[in-house]
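# Residue-level structure breakdown
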Amino acid sequence: MERLTMPAAQNGQQPTKPATGPLDGATPADLLPASGDHPVEIVRYQSVVLTDIPGAKPARKLTGAIDLGEENLPFYDRPAEGMIVTTEQSWAVKGVTLGRLLHSLALAPGESTRVAVVDWERRTRGTGTEATSEKDQLTSRTDQDRSISEVANTIAQEQQHGTSSMQQASTSSSKGGGGGVALFGVNLGGTWSNSSNSGFATNVVRSTGIRSVASDAAQQISARTQQVATAARSRHMTVVRETSQSEKEQVTTRVVTNYNHMHALSVQYYEVVQVYEVTTKPVTAERCLFIPLQELSFTHNNLQRYKEVLASVAPKDWATRIRDANPLESTVRKLEGCTAAEAPANQLFEGIDLLDLAASAMGVYGVRKLDGAPVRFDSVARQWNPLPTTGLPASGLKRIAPGKDKVWGVRPDNRLMIFDGTTWHTDPHGAAGLGVASGSDGTTIHWNASEIYQQVGINWQKSVVAVDDLAVVNNERVWYCKDGKTFERTGTTWTERPAPAPGIVSLTVAPDGVIWGVTGDKKIMMVEPGSSTWTPGKIGTAPMTAAVPVKIVSAGGGEFWLMNDKGVLYRLLTAPREALTAFDDPPPPESGWPTKIDVWWDNAGIRSVRLVIPGHTYRCGDTGGSGVLQHGSYDFKAGEKLLSVDYWTGTAARGSLAGLRLTLQTGMVSFGPAAGPTTPDLTEDAGGAAICGLLGSTVRTGSRTYIAALGFHLRGGKVPQAVLDHLNDNRRYYSQAVWANADELTLSRILANYSYLPPGGKGDAVPLGMLLDPKPVAATGNYLGFRWNFSSEQDRQDWLKARSADSTILGKSVTAKVGIATNGVFAEAVLGRANAAEKIDLTRFWNWKDSPIPILPTDIAAVSTGTRNQEVDVKVAQLGASEAKFQTIAALPDPAATQAAMQVLSTANLFKDIAGAAEMSQMLSKGIEAAANNDKDAGARANEAMKTAAEHQQKMATIAVEAASKLVPAGKAASSLSALGGMMNQASNGNGSNTSDDSEEK
């Protein structure tokens, strides 16, 4: 048995010269098929590569995980160089090889079998394109004008004279009688009546007179109805359905026989795999330049220009809203702006470990435990900010005391320091002490273990008093504590004030004059202004409690700070937020452009805003109350529009605005203590509209008023604010769509205004419009790439030489072998190794021709070749119902006066009947009716007489029957008229015998 093998793959051979020998020589090599000499397919593709950003420096080092959700990342801010690389990929056939084992057929020695191979293939391809647009437009105008002039004049006159005479005579005579004789079945009766009726009536009516009826109705109606209704409905539908189906089926049956009588045979079917040699190599390179672009801020002005581009890339719902926007139609809308949220009543500051804490009207100050640096709490930013340390030693401070207009400090070596706002200075007299305190009037006292020193002028006045802590309200009121006892100075006299056990160990003074103290067991006590008695600390009427406080200070306005023994701070806002007062000053019709805006603020928040428009001034908030005010203003340029508004919020009045920044077409202007480089709490896009009014709300705290919310009335295109917010919230996505779809003319005009000279370039910079192809080739981030041509052929050659194919810039050629499965099948027959036949000798059967092996196996059932086609849905969606409808014209009322007059004239009995004809006819009818009733009565009496005779006759017949029944023998009595009839028949026979067939008895 031979083994079936696959021809070996043919390698490339060099063509040889034509043979000069005999014609039946070897086959020429150039006529033999060869593989691998030429590629069977070549494909090319381009890729844009960004190679260098000259002058760029990484903003941060990669040392950990990257947050993909991070926002506000910087954009590219400088041009970048790149290239367009064209890569070629060629496929050359190298040969074939065996792939997967598809099937194996095992045959025993001498076995034969039939194999049916069904090979079917079905391909269905459907392409559908459906575009439907509907547009309904209905214009309906209905004018109804009707003028009615109606005059009705109706006159009815009648003169009558009538005489009526009526005579009637009626006579009625009625007689009736009845009689009857009945004997043995014979009945004789009679009835008679006589009635006569005569009547005579005479009616004579004479009417003389004149009846004149005249009706004059004049009506003039002028009616004009005009209806103009135009309904235009446009439907455009384009539906393209392209469906192609191809089906192929092949059925092959064959007989496979193992003719070997000794070994089994296995036929193995393998997949034929085509082997290709794939070579990928860069072919050409083109230089390109990436230009950084700023993200677009979408406004009413540019929305109209980019509307279709934006709608084409927007989600379906937003695309409809973008197309419906009409920036060309002016309207006034509200920009609600920002409303400051109510500040939390309690706030824990972890990680801010302080060594000392103090407060006055200047603010809340502290000394950081870590390095002794002085810090101050920023109530607007709600954070602790360090103060300048110029003039301080490296060890900083250990105590701090703000006063009226100065901040005092104590160094670790007990030397006193004074802060003038920028620099710390040593006390000119070299004062030193363990602590220092300053009052609201500037009275300053420092102390050591056994003395206190009060500043008088520029000198220090000494008093021999030993204190542990001291608090200064003003020059007239000073308190100190020593060993738990408290003393008050009034004038120059110190008086002990009883303190609760175990005594006061810490003292502070609030701006409102309240003295606060902390006892040895961490309880909070207070002495109210005008009092000298310690009472439990409270806020209003509520007691104040805290977790193990060491010191308590009050910043005024219901703001308290507690510090525990570890330096952890706890802020408590006790003053409730007052109700907001809303204001909304809409613009008058046809308002002009704004000319000026003024803003007033203090160190906590914005107090007032004023907007000036010719003919009207808008004002919210006021500048009354305490606090140092700052003022800022801006004069608008003619026709200047607002692009966006940034807001910062603060804690003044438990929640108010602390910063405001307007971004206009010509720049930005900022107001308020918080407006600056920090990220705003809210940004609202105005969309390029004119400010024409103010709205918002204010909130009061004590004598001050702050702006709690601020918005603007804007005049611009008829574009919903939600559309502008959506576009600007996703401005990076929509900006890329605009850049990629920008027309070449616009890009050429923009690029012509810029020039670029690459690093190391020679010569002068050339305008980009002369070197760049205005058609973009790539967009990445905020980069837009363009083909960058060369100013000379030598520059191009030098650039290509630096990027030759053997360099690593373009990449080197790469070759790989790829196997692709084909539809071919390779069969391999393998004989089994075991011998299955018996030995042959002359004593055994060996002549196989005498007993041939049947090679015909059983038949295979018929193979079905039915189609496997499937229907492809090509139905077109139905269009929606049209919304264009005509309006129904209301019917106008008909004139009523003329019709009413005609109804009056057509009345049959318009005048009263004075002839008496109706009454005379009625009397005659009654007379005739009376006469007729007499006849009826006579007939009724005759009927009653006849009825009486009949009843008498019936009784007589009954008596006769009873008499006859007595003559009948017993048992033959008849109980009915039928029996009586039988007896009468018997009597008629004469002999009394019964001739009935039914009678048997004698």
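Now for a quick tour of the structure.

Basis of the calculations
- Residues numbered from 1 in each chain as written.
- Predicted model: local features only at pLDDT ≥ 70, side-chain atom pairs only at ≥ 80, totals over all residues.
- Heavy atoms only, no water.
- Helix = DSSP H or I, 4+ residues; strand = E, 2+ residues; numbered from the N terminus.
- Buried < 20%, exposed > 50% of the residue type's maximum accessible area, 1.4 Å probe, protein only.
- Contact = heavy atoms within 4.5 Å.
- Areas by Shrake-Rupley, 256 points an atom, 1.4 Å probe, with all protein chains shown as cover.
- Pairing = 2+ DSSP bridges.
- Axes fitted to C-alpha atoms, helices over the stretch in contact; angles between N-to-C directions.
- Core = buried A, V, L, I, M, F, W, Y, C linked by side-chain atoms within 4.5 Å.
- Polar contact = N/O pair within 3.5 Å; in protein donor to acceptor, adjacent residues only side chain to side chain.
- Parallel < 35°, antiparallel > 145°, perpendicular 65-115°, else oblique.
- Left-handed = near helix turned anticlockwise from the far one by under 90°.
- Patch = residues over 30% accessible without salt bridge, like charges linked within 9 Å, V, L, I, M, F, W, Y side chains within 5 Å.
- Salt bridge = Lys/Arg side-chain N within 4 Å of Asp/Glu carboxyl O.
- Phe/Tyr/Trp six-rings, centres within 6.5 Å; stacked < 30°, edge-to-face > 60°.

## A look at the overall build of the protein chain
Each helix and strand in the protein chain was counted, giving ten helices and 49 strands. Looking at the 1002 residues of the protein chain, the share that counts as buried comes to 31%. Within the protein chain, residue pairs in contact and separated by at least 24 positions form 68% of the contacts whose partners lie at least 6 positions apart. As presented, the protein chain carries roughly 60,700 Å² of accessible surface, and 52% of it is formed by carbon and sulfur atoms.

## Quick notes on the sheet that holds strand β16 (residues 416-419)
Across the sheet, four strands lie side by side as β14-β15-β16-β17; this open sheet has antiparallel pairing. Bordering the open sheet on either side are β14 (399-402) and β17 (424-426), each of which pairs with just one other strand. Shown here is a sheet whose adjacent strand axes are inclined to one another by a mean of 25°, direction ignored. Of the strand pairs in this sheet, strand β15 (residues 407-410) and β16 are connected by four bridges, and their pairing is antiparallel. Within the sheet, the bridge partner assigned to W408 lies in β16 and is I418.

## Observations regarding the nonpolar core
Counting residues in hydrophobic clusters, the biggest one holds 32 residues, and the most contacted among them are I597, L694, L710 and F712. Excluding residues within four positions of it along the chain, I597 makes contact with V609, R610, L611, G632, S633, Y634, F636, L662 and F671. Ranked by size, the runner-up nonpolar core spans 28 residues in total, among them A311, A314, L751 and L784.

## Observations concerning the side chain of T443
Structurally, T443 is set in the loop between β18 (435-438) and β19 (444-447). By relative accessible area, which is 9% here, T443 ends up buried. For T443, the side chain forms a polar contact with the side chain of D441, separated by 2.9 Å. Polar side-chain contacts of T443 include one of 3.4 Å to the backbone nitrogen of N475.

## Let's talk about the packing of helix α1 (residues 300-313) against helix α4 (residues 731-740)
α4 packs onto α1 with a crossing angle of 120° between their chain directions and a minimal axis gap of 9 Å. With respect to their mutual orientation, α1 and α4 come out oblique. Judged by the sense of rotation from one axis to the other, the crossing of α1 with α4 is right-handed. In this structure, α1 contributes Y306, V309, L310 and V313 to the contact, and α4 contributes Y733, Y734, A737 and V738.

## Quick word on the pairing of strand β41 (residues 656-664)
Most of β41 is tucked away, with nine of its nine residues classed as buried. Counted along the chain from strand β40 (residues 642-650) to the antiparallel partner β41, the turn is five residues long, and its residue A653 has a positive phi close to 55°. Here β41 pairs with strand β42 (residues 667-671) via five bridges, running antiparallel. Of the residues in β42, the one forming a bridge with T663 is M668. Between the antiparallel neighbours β41 and β42 lie two residues.

## Section: a nonpolar patch on the surface
Together, L62, I66 and L68 make up a nonpolar patch on the protein surface, roughly 430 Å² of accessible area in all. As for its placement among the helices and strands, L68 is situated in the loop between β1 (39-52) and β2 (80-107).

## Things to note about the packing of helix α2 (residues 316-324) against helix α3 (residues 721-729)
It is the contact of α2 with α3, at a shortest axis distance of 10 Å, that shows an interaxial angle of 125°. Here α3 runs oblique to α2, going by the angle between their axes. As for the relative orientation of α2 and α3, their crossing is left-handed in sense. Taking contact as the criterion, the partners of W318, R321 and I322 in α2 are, on α3, A722, V723, H726 and L727.

## Section: the pattern of salt bridges
Under the counting rule described, the total for this entry stands at 26 salt bridges. Between K523 and D521 there is a salt bridge, with the nearest N and O atoms lying 3.9 Å from each other. Ionic contacts of the salt-bridge type, sharing partners, join the residues D356, R399, D469 and K551 into one network.

## A word on the packing of aromatic side chains
Taken as a whole and assessed by the stated rule, the structure comprises 19 aromatic pairs. A centroid spacing of 5.7 Å and a plane angle of 85° characterise the contact between W479 and W534, whose relative ring orientation is edge-to-face. With W479 in strand β23 (residues 477-482) and W534 in the loop between β28 (524-527) and β29 (535-536), this pair connects stretches of sequence that are 55 residues apart. Both residues of the pair, W479 and W534, count as buried.

## Comments concerning the side chain of D598
As for its placement among the helices and strands, D598 is situated in strand β36 (residues 596-601). There is a polar contact of 2.9 Å between the side chain of D598 and the side chain of H631. Leaving out residues up to four positions away in the same chain, D598 has contacts with S608, V609, R610, H631, G632 and S633.

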